[in-house]
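Here's the letter readout for the chains.
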Amino acid sequence: MSEHTHEPVPYRTFILIWVALLVLTAITIAVSRVDLGALNIWVALGVASIKSSLVIFVFMHLRQESKLFKIGLMVMLSILAIFIGLTFFDVLYR
Amino acid sequence: MSIEHRDDTGDRFGMWLFLYTEVILFSGLFILYAVSLANYPEQFSQASHKLNIYFGTVNTLVLLTSSLTIALAVSAIQMGRIKQTLILCWITVGLAIVFLINKYFEWSAEIGHGIYPGSEQLAEMGAGITVFFNLYYFTAGLHGLHVLIGATLIGVVAVMTAKGKVTSDRYVLLENSALYWHLVDLVWIFLFPLYYLIL
């Protein structure tokens, strides 16, 4: 029984993560208004990735899940990287 | 007592497997976006400026907050606070409705300006801008459909919680609905900067 359920995450943790997400949103918007050339898109993707990690690991309880769940995520991200890599290998060298 | 098979971890893993495929589904659209951005960088910038950044920002705040409330709902039910769970679930549903109402006004304004897939005005703006808005409507539309499904799921779980079918001992249905809702949030985390915030 006990291995099927998690310890409840305190409200405080979730609220702190929410504040962090709001701050990161403000950062994305602020940076997007400054012209950094091609760097803009990479900053946007970088901040979005940090926000996603917070949501996945804390809000979605991935921290508390077993290795299987994390391996699944890595497999999915690897498939995604191959998907993106092969697409651009074609598009950029046409 | 009846003997029944129960595997909450398995239930959650099943949900995660489904969510991995959802990410791949949305990724296809984001890859189309990336390729088109590489082909039409200037047109994408022009098209992005036509989107209303205020609607995008407000909806970002709405979704992040709804993700918080549903995460809190899971903690609440784990601690046996049924009343708080119900309140948090309904706040999440309410925020989903606010999101969709915003979307309605946003899209009405854009369609009013002649910007919608297949419109002649859009076709006159050139291939790059047309591609941007076609992808925007498809991706945001698919995301909106997920908002609708997620809110319905949470509403159903809230009713089941009120009826005592989802309890502090048995709440995997709420956990899985919450996972689905967080996916909706995750997609928006990428959609918002990529469509609304290109300079």
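Sequence positions are assigned chain by chain, starting from 1 and proceeding in written order. Written order decides the labels, with chains lettered from A and ligands numbered from 1. Local features are withheld for residues below a pLDDT of 70 in this predicted model, meaning they are given only at 70 or higher, and side-chain atom pairs are given and counted only at 80 or more; totals for whole chains, interfaces and linings count all residues. Note that water and hydrogens are dropped before the side-chain values are worked out from all heavy atoms of the structure.

## Some words on the domain arrangement of chain A
The criterion, for reference: Domain start and stop positions are those given by an automatic or database domain assignment.
By the assigned domains, chain A splits into domain 1 (1–60) and domain 2 (65–94). Its C-alpha centre places domain 1 of chain A at a distance of 21 Å from the equivalent point of domain 2 of chain A.

## Some words on helix α3 (residues 67–92) of chain A
Turn by turn, an α-helix covers 3.6 residues, leaving residues three or four places apart pointing in a common direction. Put simply, the rule is: In this text, helices come from DSSP runs of H or I with a minimum length of four residues, and strands from runs of E with a minimum of two, each type numbered from the N-terminal end. For a helix, the expected span equals 1.5 Å multiplied by the number of residues minus one. Categorising residues by exposure relies on relative accessible area from a 1.4 Å probe, with only protein chains included: less than 20% of the type maximum marks a residue as buried, more than 50% marks it as exposed, and the intermediate range marks it as partly exposed. The contact definition used throughout considers only heavy atoms, calling two residues in contact when any of these lie within 4.5 Å.
Here α3(A) contains 26 residues, and its C-alpha end-to-end distance of 37 Å stays within 8% of the 38 Å for a straight helix at 1.5 Å per residue. Among the residues of α3(A), those classed as buried are A:Phe69, A:Gly72, A:Leu73, A:Met76, A:Leu80 and A:Phe88. Each element contacted by the buried residues of α3(A) is listed here: α2 (39–59) of chain A together with α1 (8–39) of chain B.

## Here's the deal with the interface of chain A and chain B
Often, the extent of an interface is quoted as the loss of accessible area on bringing the components together. Just so we agree on the cut-off: By buried area we mean how much accessible surface two parts lose on assembly, using a 1.4 Å probe and totalling the loss over both. Think of a salt bridge as a Lys or Arg side-chain nitrogen and an Asp or Glu carboxyl oxygen that are within 4 Å of each other. In protein, a polar contact requires one atom able to donate a hydrogen and another able to accept it; more generally it is a pair of N or O atoms within 3.5 Å, and residues adjacent in sequence count only if both atoms are side-chain atoms.
Between chain A and chain B, the contact holds 47 residues from the first and 52 residues from the second. Carbon and sulfur atoms make up 77% of the surface buried where chain A meets chain B, a total of about 4,300 Å² over both sides. Where chain A packs against chain B, one counts 1 salt bridge. The closest approach of N and O atoms between B:Arg12 and A:Glu65, which form a salt bridge, is 2.7 Å. The interface formed by chain A and chain B contains 9 residue pairs in polar contact (both at pLDDT 80 or more). Of all the secondary structure elements, the ones that give two or more residues to the side of chain A that touches chain B are α1 (11–32), α2 and α3 of chain A. For the side of chain A that touches chain B, the leading source of residues is α3(A), giving 12 residues.

## Let's talk about the side chain of A:Glu65
Counting through the fold element by element, A:Glu65 comes out in the loop between α2 and α3. If we ignore the near neighbours within four places in the chain, the residues touching A:Glu65 are A:His6, A:Lys70, B:Arg12 and B:Trp16.

## As for the packing of aromatic side chains
Rule in force here: Aromatic rings from Phe, Tyr and Trp, with only the six-membered ring used for Trp, were paired whenever their centres fell within 6.5 Å, and each pair was classed as stacked if the ring planes differed by under 30 degrees, edge-to-face if by over 60, and tilted otherwise. Criterion for a charge above a ring: Arg CZ or Lys NZ at most 6 Å from the ring centre, at most 35 degrees from the ring normal.
For the coordinates displayed, the defined rule picks out 21 aromatic pairs over all chains. On the basis of an interplanar angle of 65° and a centroid distance of 5.4 Å, the ring pair of B:Tyr104 and B:Phe105 is categorised as edge-to-face. The class for B:Tyr104 is exposed, based on a relative accessible area of 54%. In textbook terms, an aromatic cluster arises when at least three aromatic residues are bridged by ring pairs, as seen for B:Tyr33, B:Phe44, B:Phe99, B:Trp107, B:Phe132, B:Phe133, B:Tyr136, B:Tyr137, B:Trp188, B:Phe192, B:Tyr195 and B:Tyr196. Here B:Arg81 stacks its cationic end above the ring of A:Tyr11, 5.3 Å away from the centre of that ring.

## Some details on the pattern of salt bridges
Applying the stated criterion across every chain yields a total of 6 salt bridges over all chains. The partner of A:Arg94 in a salt bridge is A:Asp90, with the nearest N and O atoms 3.1 Å apart. A residue is classified by how much of its surface remains accessible, and A:Asp90, at 38% relative accessible area, is partly exposed. Notably, a salt bridge pairs B:Arg6 with B:Asp8, separated by 2.8 Å at the nearest N-O pair. In this structure B:Asp8 comes out as buried when scored by relative accessible area, which is 4%. The structure contains a network of salt bridges with shared partners spanning A:Glu65, B:Arg12 and B:Glu175.

## Re the packing of helix α2 (residues 41–50) of chain B against helix α6 (residues 127–162) of chain B
The relative placement of two packed helices comes down to the angle between their axes together with the axis-to-axis distance. Residues and elements named next belong to chain B. Let me state the cut-off plainly: Orientation is described by axes fitted as lines to C-alpha atoms, over the contacting stretch for helices, and by angles from 0 to 180 degrees between their N-to-C directions. Here roughly perpendicular refers to angles of 65 to 115 degrees, roughly parallel to angles under 35, roughly antiparallel to angles over 145, and oblique to all remaining angles. Working rule for handedness: look at the near helix, and if it is turned counterclockwise from the far one by less than a right angle, call the crossing left-handed; if clockwise, right-handed. Think of it as three bins: nonpolar holds Ala, Val, Leu, Ile, Met, Phe, Trp, Tyr, Cys and Pro, charged holds Asp, Glu, Lys and Arg, and polar takes everything else, Gly as well.
The N-to-C vectors of α2 and α6 enclose an angle of 50°; their axes lie 8 Å apart at closest approach. Classed by the angle they form, the pair α2 and α6 counts as oblique. Note that α2 runs across α6; the crossing there is right-handed. Here Gln43, Phe44, Gln46, Ala47, Ser48 and Lys50 of α2 come into contact with α6, specifically with Gly128, Ile129, Val131, Phe132 and Phe133. Class assignment for the residues of the contact of α2 with α6 results in 6 nonpolar, 4 polar and 1 charged.

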